[in-house]
Amino acid sequence: MKNTLNYVRPNILALAPYSTARDEFKGGDISVWLDANESPYDNGVNRYPDPHQHELKQHIAGLKGVRPEQIFVGGAGSDEAIDLVYRVFCRPGEDNVVAIAPSYGVYSVAAAINDVEFREVQLRSDFSLPVNRLLKAADPRTKVIWICSPNNPTANAFPRADIARLAEAFDGIVVVDEAYIDFSERGSMLDVLDSYPNVIVLQTFSKAWGLASLRLGMAFASEEIAAIFSRVKYPYNVNGPTQRKVIEHIVNDNINIAENVAEIIRERDALAAALREMPMVREVYHSDANFLLVKFDAPDAVYDYLVDNGVIVRNRSRLLACEGCLRITVGTPEENIRVITLLKEYTQQ
Ligand SMILES: *Cc1c(COP(=O)(O)O)cnc(C)c1O
């Protein structure tokens, strides 16, 4: 077994975390709260929220089949967990990380903010995972390998066995960003956390759960790593209304989410089939997510045409290995029909 604490920056291991008023209170029958300099006038949000998000973590643990102690939650979405990975493991100006390319842009921006060298390894031309090349790009100062599965923007998920092989062989942390896992038939890596303590899995409430505006991201890890994340995070990093709202959605909405996900997957496959029939479409890549990566003969012209008709998609055509590609999010059935109708009319111009 790897001792993952070896990968943590020494100053972080030695950190004495800030102790909030609510940390120092050890329980008891309190009806008068005069410890945190809050306003006493009840308006629903006048009290500080639980800094450790105990109740929320209980619900997430039940939902995901992990222990509450393995969970970190962030109130700035997954981006908060991504930044924490750098701050916990990477010494600025000394350490580096390796990532697949093309992939989610936040990994490299957060590396630059933290003054950490960012080494990119291109996916194979079929977008499969180049495990050996990722390992070869690493050196003793490589602390993290970033994997995104299903990957944004290529839309494909990688085989679990490939990711497990990487975690086995790499002497450092492997982060697997599973923002789109609910749309994929390949299972989550959550069930390997106990056998691979160097794996961190990121998930979010922003996509399948439809709660992007609440900004709740999650990291799942060994209890040791999750505890370190909790010491480094800002004390009250998830606001009270968000904690309450997400609990409400977990309790009430579980079944609706499954129905929504099933509809998005049906719509995705129908949209892909319709696009494949169109003469100006060169390729519709396989998708394990809620979006399609589509290669066009003239992506900029198609993009402008859609915008002129009130439909916005993401132009990824200038990204290496995504030349010619637009990324199209799957919408409601009506929205998808609108896109198909517009593109059919474009073909006939
Ligand atoms: C959308 C997305 C996220 C989620 O970001 P949040 O900050 O949680 O909204 C994370 N990773 C990837 C690859 C994404 O595309």
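Starting from 1, residues in each chain are numbered consecutively following that chain's sequence as written. Totals for whole chains, interfaces and linings use all residues, but because this is a predicted model, local features are given only for residues with pLDDT of at least 70 and pairs of side-chain atoms are given and counted only at 80 or more. The side-chain quantities take in all heavy atoms of the structure and omit both hydrogens and water.

1. Some details on the site of the ligand
(1) Moving on: Here a residue is considered near a molecule or strand provided that any single heavy atom belonging to it is located within 4 Å of it. Residues in contact with the ligand amount to 13 residues; listed here are only the nearest, Asp177, Tyr180, Ser206, Lys207 and Arg215.
(2) Moving on: For the purposes of these results, a polar contact is taken to be a pair of N or O atoms within 3.5 Å, where, inside protein, one atom must be able to donate a hydrogen and its partner to accept one; residues adjacent in sequence count only when each atom of the pair is a side-chain atom. Here an oxygen atom of the ligand sits 2.6 Å away from a polar atom, N or O, in the side chain of serine 206.
(3) Moving on: Between the ligand and arginine 215, the relevant distance is 2.7 Å, taken from an oxygen atom to a side-chain nitrogen or oxygen of the residue.
(4) Moving on: Reported accessibility uses the Shrake-Rupley method at a 1.4 Å probe radius. Residues are deemed covered only where the shown protein chains occlude them. Compared with its free state, where it exposes 390 Å², the ligand has 94% of that area covered by protein.

2. Here we look at the domain arrangement of the chain
(1) Moving on: Residue ranges labeled as domains rest on an automatic or database domain assignment. Examined at the domain level, the chain breaks down into domain 1 (4-19 + 47-252) and domain 2 (255-347).
(2) Moving on: Computed from C-alpha atoms alone, the centre-to-centre distance between domain 1 and domain 2 is 28 Å.
(3) Moving on: By definition, residues are in contact when any of their heavy atoms lie within 4.5 Å. Tallying the contact residues gives 17 residues for domain 1 and 19 residues for domain 2.
(4) Moving on: We define buried area as the total accessible area lost by two parts upon association, computed with a 1.4 Å probe and summed across both. Taken over both partners, the interface formed by domain 1 and domain 2 buries close to 1600 Å², and the fraction arising from carbon and sulfur atoms is 66%.
(5) Moving on: Looking only at domain 1, the three residues that lose the most surface to domain 2 are Pro153, Ala155 and Phe183, adding up to 38% of its buried area.
(6) Moving on: Salt bridges, as used here, are contacts in which a Lys or Arg side-chain nitrogen is within 4 Å of a carboxyl oxygen on Asp or Glu. Counting across the domain 1 and domain 2 interface gives zero salt bridges.
(7) Moving on: Run the count over domain 1 and domain 2 and you get five residue pairs in polar contact (both at pLDDT 80 or more).
(8) Moving on: Classification used: nonpolar for Ala, Val, Leu, Ile, Met, Phe, Trp, Tyr, Cys and Pro, charged for Asp, Glu, Lys and Arg, polar for all others including Gly. Among the residues making up the side of domain 1 that touches domain 2, the classes are represented as ten nonpolar, six polar and one charged.

3. Concerning the sheet that holds strand β6 (residues 199-204)
Sheets are built from strands that pair by backbone hydrogen bonding, the pairs being arranged parallel or antiparallel.
(1) Moving on: Only strands that DSSP links by at least two bridges are regarded as paired with each other. Secondary structure counts use DSSP, requiring at least four H or I residues in a row for a helix and at least two E residues in a row for a strand, with both numbered from the N terminus. Strand order in the open sheet formed by seven strands is β1-β7-β6-β5-β4-β2-β3, with mixed pairing between adjacent strands. Among the strands making up the open sheet, the edge pair consists of β1 (71-74) and β3 (117-122). Averaged over all pairs of adjacent strands, the angle between their axes in this sheet comes to 20°, without regard to strand direction.
(2) Moving on: Sheet topology places β1 next to strand β7 (residues 217-220); four bridges connect them, and they run antiparallel. All axes here are fitted lines through C-alpha atoms, helices being fitted over the stretch that makes contact, and every angle between N-to-C directions spans 0 to 180 degrees.

4. What about the packing of helix α10 (residues 299-308) against helix α11 (residues 333-347)?
(1) Moving on: One can describe the packing of α10 onto α11 by two numbers: an axis separation of 11 Å at closest approach and a directional angle of 125°. The orientation of α10 relative to α11 falls into the category oblique. Here α10 runs over α11; the crossing is right-handed. In contact with Ala301, Val302, Tyr305 and Leu306 of α10, α11 contributes Leu342, Leu343, Glu345 and Tyr346.
(2) Moving on: Classifying every residue of the contact of α10 with α11 by side-chain character gives seven nonpolar, no polar and one charged. Any angle that is under 35 degrees is reported as roughly parallel, and any over 145 degrees as roughly antiparallel; angles of 65 to 115 degrees are reported as roughly perpendicular and all others as oblique. With the far helix as reference, a near helix turned anticlockwise by less than a right angle produces a left-handed crossing, and one turned clockwise produces a right-handed crossing.

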